[in-house]
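Spelled out from the first residue to the last, the chains are:
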Amino acid sequence: MKIIRAKDYKDMSRKAANIISAQIIMKPNCVLGLATGSTPIGTYDQLVEWYNKGDLDFSEVTTVNLDEYKGLTRENDQSYYYFMNDKLFSRVNINKDRTFLPDGMEPDSDKACRDYNEIIASVGGVDLQLLGLGHNGHIGFNEPGMAFEAETHCVNLTESTMKANQRFFASMDEVPKQAYTMGIKTIMQAKKILIVISGEDKAQIVKEAFFGPITPKVQASVLQLHNDVIVVADEAALSLVK
Ligand code: F6R
């Protein structure tokens, strides 16, 4: 595991975007695994800036995202599909037919998960997987538990996650109760993993995930076993590790 110390959020975003750019330049038809959440937004902005300068070409890139809410349409501005289009896909020359997320509108969970596993296999696996880190150590929607789930699966969102999401919806009834997420095995099969982390509120979980025991109670701790992980974190997020 390589840890790159960034000064602040902007520096973290630039360093992470540099690694993604290198991947695209070295292998223009690469498969990128992508994440939503607030942490990678600056990274996507930086990639868009370099694209606008003519330094990056996404025309042959394929993407597979980590997760999607079950039951949200693509037009819903809380869906991860919407997020990815808004933050990246609509701003660069990527072929939208080569951008994949789990199908949140597929009501049959088994089918949604099976289909997504097949998509990931059909694109030949992930070259570079971008991750964020949840406060409880989750990656994707792989929440603390008794085991590391292998492939795409449907998760029941915890009461606290639903409550936190409530503010984005007109009523509690509209808040998604489930999500589809890539499993840990799929994440671990990526050739390279890049995890971006910012802020003092993540310092404790950074310490536990990367310097503590490997346990499904802290799902990100499994990354210690991958042979090509780059952690790009700012000083605040690294404040509890030497
Ligand atoms: C996003 C995802 C989540 C986030 C994590 C951190 O697709 O799967 O695991 O990466 O919750 O979120 P932020 O970056 O908002 O702190």
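In case you missed it, the structure is sitting above this.
What follows is about the sheet that holds strand β8 (residues 178-181). The sheet built from three strands is open, its strands ordered β4-β8-β7 with antiparallel pairing. In this open sheet, the two strands that pair with only one neighbour each are β4 (67-69) and β7 (153-156). Put simply, the sheet's adjacent strands are angled 25 degrees from each other on average, direction ignored. Across three bridges, β4 lies against β8 in antiparallel orientation.

Once that is clear, we can look at the site of the ligand. In the neighbourhood of the ligand, 14 residues make up the surrounding shell, with Thr39, Asp67, His138, Gly140 and Lys202 lying closest. Between an oxygen atom of the ligand and a main-chain N or O atom of Ser38, the distance comes to 2.8 Å. At 2.8 Å from an oxygen atom of the ligand is found a side-chain nitrogen or oxygen belonging to Lys202. Coverage of the ligand by the protein amounts to 85% of the 410 Å² it exposes when considered alone. Of the residues contributing to the shell around the ligand, the split by class is four nonpolar, eight polar and two charged.

Here the focus is the side chain of Thr43. Relative to the elements of secondary structure, Thr43 occurs in helix α2 (residues 41-52). Apart from residues lying up to four places away in sequence, Thr43 is in contact with Ser13, Ala16, Ala17, Ile20 and Val196.

The next subject is the sheet that holds strand β6 (residues 128-132). A sheet is described by the order of its strands in space; here seven strands give the open sequence β1-β10-β9-β6-β2-β3-β5, paired in parallel fashion. Strands with a single pairing partner mark the edges of an open sheet, and in this sheet they are β1 (2-6) and β5 (99-100). Across five bridges, the pairing between strand β9 (residues 192-197) and strand β10 (residues 229-234) is parallel. Opposite Ile193, over in β10, you have Val229 as the bridge partner.

With 14 residues, helix α4 (residues 109-122) extends 20 Å from end C-alpha to end C-alpha; this agrees with the ideal 20 Å at 1.5 Å per step. Along α4, the positions that sit buried rather than exposed are Ser109, Ala112, Cys113, Tyr116, Asn117 and Ile120. Along α4, the residues classed as buried sweep out an arc of 130 degrees about the axis, all on the same side. For α4, the exposed residues set more than 90 degrees away from the buried face come down to Asp110, Glu118, Ala121 and Ser122. On its buried face, α4 sits against β3 (62-65), β5, β7, β8 and α6 (184-189). Here α4 starts with a cap whose side-chain oxygen sits 3.1 Å from the backbone nitrogen of Asp110, and that cap is Asp108. Backbone geometry just after α4 places Gly124 at a positive phi near 90 degrees.

Each value, and the rule that gives it
Residues numbered from 1 in each chain as written. Predicted model: local features only at pLDDT ≥ 70, side-chain atom pairs only at ≥ 80, totals over all residues. Heavy atoms only, no water. Pairing = 2+ DSSP bridges. Helix = DSSP H or I, 4+ residues; strand = E, 2+ residues; numbered from the N terminus. Axes fitted to C-alpha atoms, helices over the stretch in contact; angles between N-to-C directions. Near = heavy atom within 4 Å. Polar contact = N/O pair within 3.5 Å; in protein donor to acceptor, adjacent residues only side chain to side chain. Areas by Shrake-Rupley, 256 points an atom, 1.4 Å probe, with all protein chains shown as cover. Nonpolar A, V, L, I, M, F, W, Y, C, P; charged D, E, K, R; others polar. Contact = heavy atoms within 4.5 Å. Expected span 1.5 Å × (residues − 1). Buried < 20%, exposed > 50% of the residue type's maximum accessible area, 1.4 Å probe, protein only. Arc of directions from axis to C-beta.

Keep in mind that these numbers describe shape and distance, not what the molecule does.
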